[in-house]
Amino acid sequence: MPTSSSGTGQRPRSRAAAGLPALTADRIIGAATALTGERGLDNWTLRELARAVEAYPAVIYHHVGDRDAVVNAVVDRVVGLLELPGQDLPWQEWFTELLAGLRALLRSYPGCARRLALFGPSVQAASRSIDAGIGVLLRAGFGRESVLAYNLLLMTACQFVAMEDDRDGALARRLDNTEEYASYRERADLPGMAELGAAMHDLMGDPDLAAGYYAQLYDYAVQRCLDGLAHRLDELREPGDVG
């Protein structure tokens, strides 16, 4: 927060007089993005953001708006950080690379994945990635289904990352569930539960395997979606089908 002038007991008339840099919407959004990386999107307040930029909450309102407006701006900022693969890649490789990068990015800013799954970014923030992604699918031959295919892939990715973010906040419960599932590994009368129990037992006994479990699950979901879309593309290419 701005402090009073030395010896006068009065606040400086400007940030410059207080030795502070000029405050802009970009600086505020940058600070909010940094807080999101440190704590998660839902774990900082407007007052905490104001302290981070050494201003009063009213200044945040003036430059950006209320907390929801700041959150939207943060999500847009994060979306803008996503690197797009080269357009020369085959469509499946293009989305494999894109969605691997998306997971890494969203995991660095917890809470953004859930917001994206529910509401998406602004049109301005999303136009670059949407145009590139749907363009890849159009060139592959998905035709009017390109939009549906793109949304399937992106929504699946965001939902899996959101689940991972949420589970980070419930570690004790997750461990309890894992132990209970693992106890079923020798139940011959419940072969499905026994298989799950064996998998959970392996996770509990191998920290490296456990640490990579959700990344593996994410990659599996992405690849199976791509497999399904590849099958659909074959159908669209069959004589007599409209693509």
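Computed from a predicted model, the values in this text were never measured in an experiment. Each chain has its residues counted from 1, running along the sequence as written. Where local features are concerned, this predicted model is filtered to residues with pLDDT of at least 70; where side-chain atom pairs are given and counted, the filter is 80 or more; whole-chain, interface and lining totals use all residues. By convention in this description, side-chain values take in all heavy atoms of the structure and omit both hydrogens and water.

**Description of the UniProt feature "DNA-binding region" (unreviewed entry) in the protein**
In step 1: Feature annotation in UniProt assigns "DNA-binding region" (unreviewed entry) to the following positions: residues 45–64.
In step 2: A run of H or I in DSSP counts as a helix once it spans at least four residues, and a run of E counts as a strand once it spans at least two, with each numbered from the N terminus. In this annotation, residues 45–64 is assigned 70% helix and 0% strand; the end-to-end C-alpha distance for the span is 14 Å. UniProt positions are given in the numbering used here, feature names are shortened, and annotations may be inferred rather than shown by experiment.

**A look at unusual backbone geometry**
In step 1: Of note, the phi angle at E54 is positive, near 55°, even though the residue is not glycine.
In step 2: Mapped onto the fold, E54 is located in the loop between α2 (46–52) and α3 (57–63).

**So, the packing of aromatic side chains**
Centre distance and the angle of the planes are the two values used to describe a pair of aromatic rings.
In step 1: Two rings from Phe, Tyr or Trp (for Trp, the six-membered ring) form a pair when their centres sit within 6.5 Å of each other. Planes less than 30 degrees apart are called stacked, planes more than 60 degrees apart edge-to-face, and all others tilted. Tallying each qualifying case throughout the model produces four aromatic pairs.
In step 2: Taking 5.1 Å as the distance between ring centres and 80° as the angle between the ring planes, the aromatic pair formed by W91 and F142 counts as edge-to-face. On the criterion of sequence distance, the pair formed by W91 in helix α5 (residues 91–107) and F142 in the loop between α7 (123–140) and α8 (146–168) is long-range, its members being 51 residues apart.
In step 3: Ring geometry for Y213 against Y214: centres 5.1 Å apart, planes inclined by 80°, an arrangement best described as edge-to-face.
In step 4: Throughout this description, buried means an accessible area under 20% of the type-specific maximum (1.4 Å probe, protein chains only), exposed means over 50%, and partly exposed covers the range between. What makes Y214 buried here is its relative accessible area of 15%.
In step 5: Here a set of aromatic residues connected by ring pairs shows up, and it is made of W94, F95 and Y150.
In step 6: In this arrangement the basic side chain of R103 is found over the ring face of Y218, its NZ or CZ atom lying 6.0 Å from the centre.
In step 7: Looking at R224, its charged tip hangs above the ring of Y220, at a distance of 4.9 Å from the centre. Counting as a charge over the ring demands two things of the Lys NZ or Arg CZ atom: a distance within 6 Å of the ring centre and an angle within 35 degrees of the ring normal.

**Description of α5**
In step 1: Counted at 1.5 Å a residue, the expected span for α5 with its 17 residues is 24 Å, and the 24 Å between its end C-alpha atoms agrees.
In step 2: Tucked into the core, α5 has its buried residues touching α4 (67–80), α6 (112–119), α7, α8 and α12 (213–237). To estimate the expected span of a helix, count its residues, drop one, and scale the result by 1.5 Å. The contact rule is simple, with two residues in contact once any of their heavy atoms fall within 4.5 Å.

**Comments concerning the side chain of S129**
In step 1: Tracing the backbone through its elements, the reader meets S129 in helix α7.
In step 2: Owing to a relative accessible area of 9%, S129 belongs among the buried residues under this scheme.
In step 3: In contact with S129, other than residues within four places in its own chain, are L84 and Y150.

**Overview of the side chain of D165**
In step 1: Examined against the element boundaries, D165 turns out to sit in helix α8.
In step 2: If we ignore the near neighbours within four places in the chain, the residues touching D165 are L106, R107, P110, G111 and A113.

**Description of the layout of surface pockets**
In step 1: In this analysis, the protein atoms alone were mapped onto a 1 Å grid. Cavities are point sets where a 1.4 Å probe fits without being able to get out; pockets are open sets with protein on both sides within 12 Å along at least five of seven lines; lining residues have an atom within 4 Å of a point. Grid points are joined across faces, edges and corners, and a volume is the space filled by probe spheres set on the points. By volume, the second largest pocket is sized at about 350 Å³.
In step 2: Every residue lining the second largest pocket is counted, 20 residues in all, and those nearest its centre are L116, G120, P121, Y150 and L154.
In step 3: Secondary structure elements with two or more residues in the lining of the second largest pocket: α4, α5, α7 and α8.
In step 4: By residue number, the principal contributor to the lining of the second largest pocket is α8, which donates five residues.
In step 5: Grouping the amino acids of the lining of the second largest pocket by side-chain chemistry returns 16 nonpolar, four polar and no charged. We call Asp, Glu, Lys and Arg charged. Ala, Val, Leu, Ile, Met, Phe, Trp, Tyr, Cys and Pro are nonpolar, and the rest, Gly among them, are polar.

**Describing the pattern of salt bridges**
When the charged atoms of two side chains lie near each other, side chains of opposite charge can form a pair.
In step 1: A side-chain nitrogen of Lys or Arg and a carboxyl oxygen of Asp or Glu constitute a salt bridge if their distance falls within 4 Å. Scanning the entire structure with this criterion turns up eleven salt bridges.
In step 2: The partner of R77 in a salt bridge is D26, with the nearest N and O atoms 2.8 Å apart. Pair noted here: R77 is in helix α4 and D26 is in helix α1 (residues 25–39), with a separation of 51 residues, a long-range link.
In step 3: A relative accessible area of 27% places R77 in the partly exposed class.
In step 4: For D26, a relative accessible area of 52% translates into the label exposed.
In step 5: With a shortest N-O distance of 2.9 Å, R232 and E235 are connected by a salt bridge. A residue pair is termed a helical-turn pair when its members lie 3 or 4 positions apart in one helix, as R232 and E235 do in helix α12 at three residues.
In step 6: You can call E235 partly exposed: its relative accessible area is 27%.
In step 7: Put simply, R103, R107, E164 and D165 are held in one network by salt bridges that share partners.

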